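Results of the structural survey
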Amino acid sequence: MITKTQVQPLSIILPTVKGIGCELNRLLAAAVVNDRFQKLLLDHPEKALQEGYQGESFFLTQQEYDLVLSIRACTLKDFAIQLKQTLDSHHQYSIANISV
């Protein structure tokens with residue numbers, strides 16, 4: 001029996017100025033595709049940022065770094081919501097909704 005899977009929209013942070021927020025995109029992408037990294041980001045964000053993902057480092061601005069460390073979330077969805085709420089107040093970022 002084949003069942004239809006419901007697709008939920010995923011918000012991705014897109015910079016309106018080239019280069020701004022790109023590392024946050026990479027951080028979220030790594031957490032989406034790898035459960036281990038996602039758990040590390042949620043449970044120990046500083047360690048996740050220090051270790052990076054598969055040998056790749058994240059080059060966050062000090063504000064982005066502080067923001068990631070300030071988020072307390074149990075799920076990646078909650079993490080993204082808190083990130084979006086904070087970034088909505090900054091004009092250099094825009095939020096794009098896509099379906100996955």
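Rules and cut-offs
- Residues numbered from 1 in each chain as written.
- Predicted model: local features only at pLDDT ≥ 70, side-chain atom pairs only at ≥ 80, totals over all residues.
- Heavy atoms only, no water.
- Core = buried A, V, L, I, M, F, W, Y, C linked by side-chain atoms within 4.5 Å.
- Buried < 20%, exposed > 50% of the residue type's maximum accessible area, 1.4 Å probe, protein only.
- Helix = DSSP H or I, 4+ residues; strand = E, 2+ residues; numbered from the N terminus.
- Contact = heavy atoms within 4.5 Å.
- Expected span 1.5 Å × (residues − 1).
- Arc of directions from axis to C-beta.
- pLDDT = per-residue confidence, 0-100.
- Axes fitted to C-alpha atoms, helices over the stretch in contact; angles between N-to-C directions.
- Parallel < 35°, antiparallel > 145°, perpendicular 65-115°, else oblique.
- Nonpolar A, V, L, I, M, F, W, Y, C, P; charged D, E, K, R; others polar.
- Left-handed = near helix turned anticlockwise from the far one by under 90°.

What follows covers the nonpolar core. By size, the foremost hydrophobic cluster in this structure holds 23 residues, and its most contacted members are Leu-27, Phe-37, Leu-41, Phe-58, Val-68 and Phe-79. Within the residue set of this core, elements represented by two or more residues are α1 (22-33), α2 (35-43), α3 (45-51), α4 (62-70) and α5 (76-88). With five residues, α1 is the single largest residue contributor to this core. Excluding anything up to four places from it in sequence, Phe-37 contacts Leu-27, Ala-30, Ala-31, Ala-48, Gly-52, Tyr-53 and Phe-58.

Its location among the elements puts Leu-83 in helix α5. Sequence separation between Leu-83 and Ser-70 is 13 residues; the distance between their C-alpha atoms is 9.7 Å.

The next subject is α5. Compared with an ideal rise of 1.5 Å per residue, which puts 13 residues at 18 Å, α5 spans 18 Å between its outermost C-alpha atoms and is within 8% of the ideal. Looking only at α5, the buried set comprises Leu-76, Phe-79, Leu-83 and Leu-87. On an axial view of α5, the arc spanned by its buried residues comes to 60°, and they lie on one face. Exposed residues pointing more than 90 degrees away from the buried face of α5 are listed as Lys-77 and Gln-85.

With 12 residues, α1 should reach 16 Å at 1.5 Å per residue; the first-to-last C-alpha distance of 17 Å fits that figure. Of the positions making up α1, those classed as buried are Glu-23, Leu-24, Asn-25, Leu-27, Leu-28, Ala-30 and Ala-31.

Next up on the list: the confidence of the model for the protein chain. Looking at the protein chain, pLDDT values average 80 and 69% of them are 70 or higher. Ignoring residues within four places in sequence, the model shows residues 14-18, a span with pLDDT below 50, making 13 contacts including any to other chains.

What follows concerns the environment of Gly-52. In this fold, Gly-52 is placed in the loop between α3 and α4. Given a relative accessible area of 8%, Gly-52 falls into the buried group. A C-alpha to C-alpha distance of 9.2 Å links Gly-52 and Ala-30, two positions 22 residues apart in sequence.

Turning our eyes to something else, we now look at the packing of α1 against α2. Between α1 and α2, the shortest axis-to-axis distance is 5 Å and the interhelical angle comes to 120°. For the element pair α1 / α2, the angle class is oblique. The residues of α2 that touch α1, namely those facing Leu-27, Ala-30, Ala-31 and Val-33, are Asp-35, Phe-37, Gln-38 and Leu-41. Looking at the contact of α1 with α2, its residues break down into six nonpolar, one polar and one charged.

The next thing to look at is the packing of α1 against α5. One can describe the packing of α1 onto α5 by two numbers: an axis separation of 11 Å at closest approach and a directional angle of 165°. By the angle class used here, α1 and α5 are roughly antiparallel. Along this stretch, α1 crosses α5, giving a crossing that reads as left-handed. Of the residues in α5, those in contact with Leu-24, Leu-28, Ala-31 and Val-32 of α1 are Leu-76, Phe-79, Leu-83 and Leu-87. Residue composition of the contact of α1 with α5, grouped by class: eight nonpolar, no polar and no charged.

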